[in-house]
Amino acid sequence: MSLFTDTPVRTATEYIQLGEAHSAANYAPLPVVIATARGSWVTDVAGNRYLDCLSAYSAVNFGHGNERIVDAARDQLGRVTLTSRAFHHDQFGPFCAELTALVGKQLVLPMNTGAEAVETGIKVARKWGYRVKGVPAGRANMVVAANNFHGRTTTVISFSDDPDARADFGPYTPGFRAVPFGDAAALAAAINGDTVAVLLEPVQGEAGVILPPPGYLARVRELCTRHNVLFIADEVQSGLARTGRTLACEHYGVVPDMYLLGKALGGGVVPVSAVLADADVLGVLRPGQHGSTFGGNPLACAVGRAVVGMLATGEYQERARVLGEQLRAGLESLVGHGVTAVRSLGLWAGIDVDPGLGTGRAVCERLLAHGVLAKDTHGQTLRLAPPLVIEPAELDGAVEALRRSLKDLASS
Ligand SMILES: *Cc1c(COP(=O)(O)O)cnc(C)c1O
């Protein structure tokens, strides 16, 4: 096989070997090589079709190749794609106006990846703490939850408790205190006069779609208000219709001081993330204090505007809610049949696999054989997050494939 061939037709095994020989091994992908995708389906290099039940961790909420998003991107590709923020461009203002209106905050700071949105939120909260709250220089702390996932940068992994994410990457950024997710008393005890923010995923995604206990987020809101602490909701994965609402926080009747968005905001086309807050918070930044070459670029803004426009109708939120009920009913029928517990909100589910049967990874491998792509997390948990454009019959097909996969493992 020549590397520089005119006819780059290779087998799946050849593509996998080429990647493994020439890339860092920081992922362990399932053995499928995707060549094309449309809606809820992907096709591999041999022409096999699979139902995508991961949606790139919710970055493809609106389906692969979504016409409205791709049209917006194509149109912008022919105009201008990158200017840097040294100049204005005609997509920036409209994107910021439309996104802030959707989310209900006064200001937005656009970035690219989710981890950058988290980093931005941390910087803004610290600066707010020193300049507005009056925390003594260098003393700001933030309270975070155990089992969090907020990205992969050195500061973000400093407050992770996942040994894989953390070990060997120190020294760690100080100024974070972790408390158990769902324990309001522990959170209250961790807040002191130097606390500038509480940073939480309203629903912990990578931890296995862990829902907050009843009343927890409302209590967090109360504590933050009482102690003059910013409540930062990392909705990078939970936000933008996945759970049946524009923002997962809406399910719990709370409005945080700052939202972090990402993933689906880029429509599955380009990385787009954003930090949203009111002027008393985001207004602390002056020119030169934060930035990004690509953040808020014309292509990202054009794609983001298409996404915001689609969310403004409420159609996708409603779809996630209705299909989510169907998914939950299907998954609950598996409890006791290889599944020990199911947690879900909208079209987003964490499924605990009976350890006697096998690991989450083993189930994913069987699902692949039955034509469904999904991802395990933390050993025994399977996570499902199909595109919100999935059809009801396809969703039933995914549950059926899971039932068969569990049966395969039980009889092997
Ligand atoms: C994925 C994710 C991030 C990080 O996003 P990247 O784009 O991978 O940097 C941050 N927070 C949450 C909750 C996420 O799910």
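Residues numbered from 1 in each chain as written. Predicted model: local features only at pLDDT ≥ 70, side-chain atom pairs only at ≥ 80, totals over all residues. Heavy atoms only, no water.

**Student:** Before we go on, may I ask you to explain the domain arrangement of the protein in this structure?
**Tutor:** Accessible area lost upon the coming together of the parts serves often as the stated size of an interface. Domain assignment breaks the protein into domain 1 (67–311) and domain 2 (319–364 + 377–412). For domain 1 versus domain 2, the distance between C-alpha centres works out to 29 Å. Summed over both partners, the interface of domain 1 with domain 2 buries about 1,400 Å², with 63% contributed by carbon and sulfur atoms. Three residues stand out in domain 1 for area buried against domain 2, namely Glu206, Val209 and Arg242, and they jointly supply 44% of the buried area on that side. Where domain 1 meets domain 2, there are 1 salt bridge. (Domains from an automatic or database assignment. Buried area = accessible area lost by both parts, 1.4 Å probe. Salt bridge = Lys/Arg side-chain N within 4 Å of Asp/Glu carboxyl O.)

**Student:** Help me out: how do you make sense of the sheet that holds strand β3 (residues 49–52) in this one?
**Tutor:** Two strands in a sheet stick together by hydrogen bonds in their backbones, pointing the same way (parallel) or opposite ways (antiparallel). In space, the 4 strands of this open sheet follow the order β1-β2-β3-β13, with mixed pairing throughout. Because the sheet does not close on itself, it has two edges, and the strands there are β1 (34–38) and β13 (372–373). When β1 meets strand β2 (residues 41–44), the two strands line up antiparallel, connected through 4 bridges. Counterpart to isoleucine 34 in the pairing with β2 is aspartate 44. (Pairing = 2+ DSSP bridges. Helix = DSSP H or I, 4+ residues; strand = E, 2+ residues; numbered from the N terminus.)

**Student:** Help me understand the pairing of strand β15 (residues 381–384), please; the structure alone is not making it clear to me.
**Tutor:** Along any regular strand the residues' side chains alternate between the sheet's two faces. Alternating residues of β15 divide into Thr381 and Arg383 and Leu382 and Leu384, and every residue in both groups is buried. Here strand β14 (residues 375–377) runs beside β15; their pairing, made up of 3 bridges, is antiparallel. For aspartate 376, the partnering residue across the bridge sits in β15 and is leucine 382. Where β14 folds back onto β15 in an antiparallel hairpin, the turn is made up of 3 residues, including histidine 378, whose phi is positive at roughly 50 degrees. (Buried < 20%, exposed > 50% of the residue type's maximum accessible area, 1.4 Å probe, protein only.)

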